[in-house]
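# Architecture and fold: a report
Here's the letter readout for the chains.
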Amino acid sequence: MVEVIKKIFFALIVATLISCSSSTTDDASPTSMAMDHNDSHDHHHDHGNSLDVSQLTDPPTVSISGTATETGEVNLNFAVKNLELVPISPPSEHESGQGHLHLYVDGVSVAMLHETSYVVTDLTKGLHNFRVAISTNDHREYHVDGKAISDSISIEIEEGEETPEVDKGITVEVKNGTVVDGLQRLTVDVGEQVSITLLSDEDDMFHLHVYDLEVSLTAGQPETLQFQADVPGVFEGELHEAGYQILALEVS
Amino acid sequence: MVLIFNSLFAHGVGGRSDLPISEWIAAWSGAMALLLSFAALGLLWHQPRFPKLLNGHLISKLVKTSQVVAATARLVVLVLFFVVLAACFIGPDNTVANIAPTTVFIIFWVGVAISSAIFGPFWKTVSPWETLGKLLDKSRTVVTRPAPNWLTSGWAALIPITIFHWLELAYHHGSSPRVLGWSILIYTVFLLALAWRWGWAEARKAEGFGVLFQLIAAISPIFKGEDNRLKVRLPFVGISALNMSGPSIAIVLAALGGTAFDGVSRTGWWLDLAVGKSGGGLTVVNTLGLAWVALIIGVAYHQASRIGSRLTSDQNFAQIFGGSLIPILIGYDVAHYFSLLILEGQAFKILLSDPYGQGWNIFGTADHAINWTVVSTTVIGWVQIGSIVCGHLLGVLFAHDRSVELWSKRTALRSQYPMLMVMVLYTVMGLVLMTG
């Protein structure tokens, strides 16, 4: 009997040791290298979420223009140079000179496009920001001199629904590789309007799970995400680049 | 409009946890479980009842068709196995968009475990490794060499279970489709190599998942009789026919430890401890946490068995009561993963229509969305409480039945104190983890 238990512990300890050693040598392990070989963009935080094309003589460019049309609608047009726009589905490997557009409305990722026009609907009354960036086939944004190749425009919507009043809000600040004041928690009721303001000292991408809201963050620039909390549960809000959770949203 | 999210998940798949259970409900449930357990100790029955109920009744009509059904199911699962394995490498390199993580962590690990508890030993019939191993055996004349002790003893089965938990709960890239692909491939080659050397009958003992699901299947009302015919009996009584060896106990304890750590890693306390950690640092913290929780679970059972052995002068105390751990494990599984199975599990039918992310729609389900409100949070909460408490009670009942079978009333009663202590510990732990 004692022998049996000794074996259990021995097995557990061995497992732990194996685990520890695998994790510390993670970047050099054969599996990890084999994976890099297969797919160079697997480790997002290792290779970054961007592709620098500063060395090109004619790097791609993009510009955005738009007009408010009907109630709560905006017609956007994009002018793209030095880039062939290709559909995102089926997913494909990076090909230089190819890519698609990422569109953000008020910092929130809303669409990936290979067309040069798009209609945003259901906008609320007030000023909205529309930002377009160009991305590789494998969803890395093209950069020149450390900055994303992008353009943005602000359009005032005069006729539209009033922005619903925020019931509960929180500000999450990320500084020096961790969350200021520890992991932030927000508890709300189902159906409430929630506002999450995010501020990071590095460029990153915030993702709220299940609600699947993504906010592109620029260092030092606060972005606010507003939505109705309609799914109950506890949800993780994480930073993609940094790779850790910064918010726990409890909806009950 | 298509959105693709490349996410880093902390717990295999899913960035959602269940709402914390209110502390007073948890406290009441715990108190009730305790009270009923003590009642079970002395007041219930003084004669063993489970062994008499073991025989069951034949499901006569199913027998004739069962061969055809089994062969079809075996083929379907084998095809699915290769489809998912291929998706690991050629599908989108993304936890949510690829079918593999959902299939492995939800459909296979949680789905098959819970289904085994309900439908019995079906996994042994359909498992792709069983099929491949048997095919390998058939393809040549098996050389009968004596297999080494590490294989025949059953300890080898602990390796895949341990590595699986580490990938799921500790390694920060464990839910990456590519990592899963390599793991499945290496494991399959490993099993087939063992089968090549010593035959599948021996190699099977290293297939930890099969061993675990087979143990869990013992609590099902459906079982295979001596003549390989399907029979029914009362649920749970089958545990008394189980022979819980040392490795079997270790595997069940490891699965229990893994599930408990999954719970720990969702508590506010753990989130505060791990905040800001990513990559290799996160892996180290999670690995230590996983080992630590698994040790607590293991030490508790070890200590209880030692005390029990002394009280009853029976060296096999741990093996005799090992079966009690199975309903407790299923209770933990349901409590932690019931919502994952019915909510995140819906992704399986969506992804199955387009397993390689090519824009296909084979079954017409590719554009479905997950219905996150298919069960209310109230129902989830009660299922969680109910499964932990029921798992505990069934464990206690089984242990009680076993003890009156083996010993005099006095010794039987005494033998139950250490078992009760360890089961109360697991139950309190399970309930506390659900309060957030």
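Just above sits the structure.
Bear in mind that the values here come from a model prediction, so they are computed numbers and not experimental data.

### Structural notes on the overall build of chain A
- Scanning chain A from N- to C-terminus turns up three helices and 20 strands.
- With 252 residues in all, chain A has 48% of them scored as buried.
- Long-range contacts, defined here as pairs at least 24 residues apart, represent 63% of the contacts in chain A between residues at least 6 apart.
- Total accessible area on chain A is roughly 11800 Å²; 50% of this is exposed by carbon and sulfur atoms.

### Quick look at the sheet that holds strand β18 (residues 223-228) of chain A
Residues and elements named next belong to chain A.
- As summarised here, the arrangement of the four strands in space is β13-β12-β15-β18, forming an open sheet in which the pairing is mixed. Edge positions in the sheet fall to β13 (178-179) and β18, since each of these pairs with one other strand and no more.
- In this structure, strand β12 (residues 168-175) lies alongside strand β15 (residues 193-200), joined through seven bridges in parallel fashion. Within β15, the position partnered with V172 by the bridge is L198.

### Comments concerning helix α3 (residues 99-119) of chain B
Residues and elements named next belong to chain B.
- Over its 21 residues, α3 extends only 25 Å from the first C-alpha to the last, a length that falls short of the 30 Å expected when each residue adds 1.5 Å.
- If you look at α3, its biggest bend is around 35 degrees, right at G111.
- The buried fraction of α3 is high, at 17 of 21 residues.
- Sitting at the amino-terminal end of α3 is N98, which places a side-chain oxygen 2.8 Å from the backbone nitrogen of A100.
- G120 sits one or two residues past α3 and shows a positive phi near 85 degrees.

### Overview of a nonpolar patch on the surface
All names here are of chain B.
- A cluster of nonpolar side chains, contributed by W269, L273, W292, I296 and L425, occupies part of the molecular surface with about 480 Å² of accessible area.
- Positionally, W292 belongs in helix α13 (residues 279-312).
- Taking relative accessible area as the criterion, W292 reaches 42% and is therefore assigned partly exposed.

### Points about the pairing of strand β16 (residues 204-208) of chain A
All names here are of chain A.
- With five of its five residues buried, β16 lies for the most part within the structure.
- Burial along β16 is two-sided: D204, F206 and L208 and M205 and H207, pointing in opposite directions, are all buried.
- Sheet topology note: the β16/strand β17 (residues 213-217) ladder contains five bridges and is antiparallel. Within β17, the position partnered with H207 by the bridge is E214.
- The sheet contact formed by β16 and strand β19 (residues 233-239) spans three bridges and is antiparallel. From the neighbouring strand, H207 faces β19, where its bridge partner is E238.

### Re the environment of A294 of chain B
Residues and elements named next belong to chain B.
- Its place among the elements puts A294 in helix α13.
- Taking the relative accessible area as the measure of exposure, A294 reaches 10% and is therefore buried.
- Considered as a pair, A294 and A260 are 34 residues apart in the sequence and their alpha carbons are 7.9 Å apart.

### Here's the deal with the packing of α3 of chain B against helix α10 (residues 208-216) of chain B
All names here are of chain B.
- Running from N to C, α3 and α10 point in directions that differ by 35 degrees, and their axes come no closer than 8 Å. Along its contact with α3, which presents F108, W109, V112, A113, S116 and A117, the element α10 presents F209, L212, F213 and I216.
- Looking at side-chain class alone, the contact of α3 with α10 contains nine nonpolar, one polar and no charged residues.

### Structural notes on the packing of aromatic side chains
All names here are of chain B.
- This structure, assessed with the given rule, holds 27 aromatic pairs over all chains.
- Summarising the aromatic geometry, the rings of F105 and F164 are spaced 5.7 Å apart at their centres and angled 45 degrees between planes, so their arrangement reads as tilted. Here F105 is found in helix α3, whereas its partner F164 is found in helix α7 (residues 158-169), with 59 residues between them in sequence.
- For F164, a relative accessible area of 8% puts it in the buried group.

### Description of unusual backbone geometry
Residue and element names in this part refer to chain A.
- At D122, a position not held by glycine, the phi torsion is positive, near 55 degrees.
- Mapped onto the elements, D122 comes out in the loop between β7 (117-120) and β8 (126-135).
- Its relative accessible area of 73% is what places D122 among the exposed residues.
- Phi is positive for D181, which is not a glycine, with a value near 65 degrees.
- Among the structural elements, D181 can be located in the loop between β13 and β14 (184-188).
- The class for D181 is exposed, based on a relative accessible area of 74%.

### Some remarks on the sheet that holds strand β2 (residues 57-58) of chain B
- Strand order in this open sheet of three strands is β2-β4-β3 (chain B), and the pairing throughout is antiparallel. Edge positions in the open sheet fall to β2 and β3 (222-224) of chain B, since each of these has one partner strand only.

### Things to note about the pattern of salt bridges
All names here are of chain B.
- A complete count under the given rule lists 11 salt bridges over all chains for this structure.
- A salt bridge links K134 to E130; the nearest nitrogen and oxygen atoms lie 3.5 Å apart. Taken together, the residues span about one helical turn, with K134 and E130 both in helix α5 (residues 128-138) at a distance of four residues.
- Since its relative accessible area comes to 38%, K134 is described here as partly exposed.
- Between K205 and E202 there is a salt bridge, with its nearest N and O atoms 3.1 Å apart.
- Classification of K205 as partly exposed rests on a relative accessible area of 30%.
- Beyond isolated ion pairs, a larger network of salt bridges with shared partners links R16, D18 and E344.

Rules of the game
- Residues numbered from 1 in each chain as written.
- Chains lettered and ligands numbered in written order.
- Predicted model: local features only at pLDDT ≥ 70, side-chain atom pairs only at ≥ 80, totals over all residues.
- Heavy atoms only, no water.
- Helix = DSSP H or I, 4+ residues; strand = E, 2+ residues; numbered from the N terminus.
- Buried < 20%, exposed > 50% of the residue type's maximum accessible area, 1.4 Å probe, protein only.
- Contact = heavy atoms within 4.5 Å.
- Areas by Shrake-Rupley, 256 points an atom, 1.4 Å probe, with all protein chains shown as cover.
- Pairing = 2+ DSSP bridges.
- Expected span 1.5 Å × (residues − 1).
- Bend = angle between axes of the 7 residues up to and from the residue.
- Polar contact = N/O pair within 3.5 Å; in protein donor to acceptor, adjacent residues only side chain to side chain.
- Patch = residues over 30% accessible without salt bridge, like charges linked within 9 Å, V, L, I, M, F, W, Y side chains within 5 Å.
- Salt bridge = Lys/Arg side-chain N within 4 Å of Asp/Glu carboxyl O.
- Axes fitted to C-alpha atoms, helices over the stretch in contact; angles between N-to-C directions.
- Nonpolar A, V, L, I, M, F, W, Y, C, P; charged D, E, K, R; others polar.
- Phe/Tyr/Trp six-rings, centres within 6.5 Å; stacked < 30°, edge-to-face > 60°.

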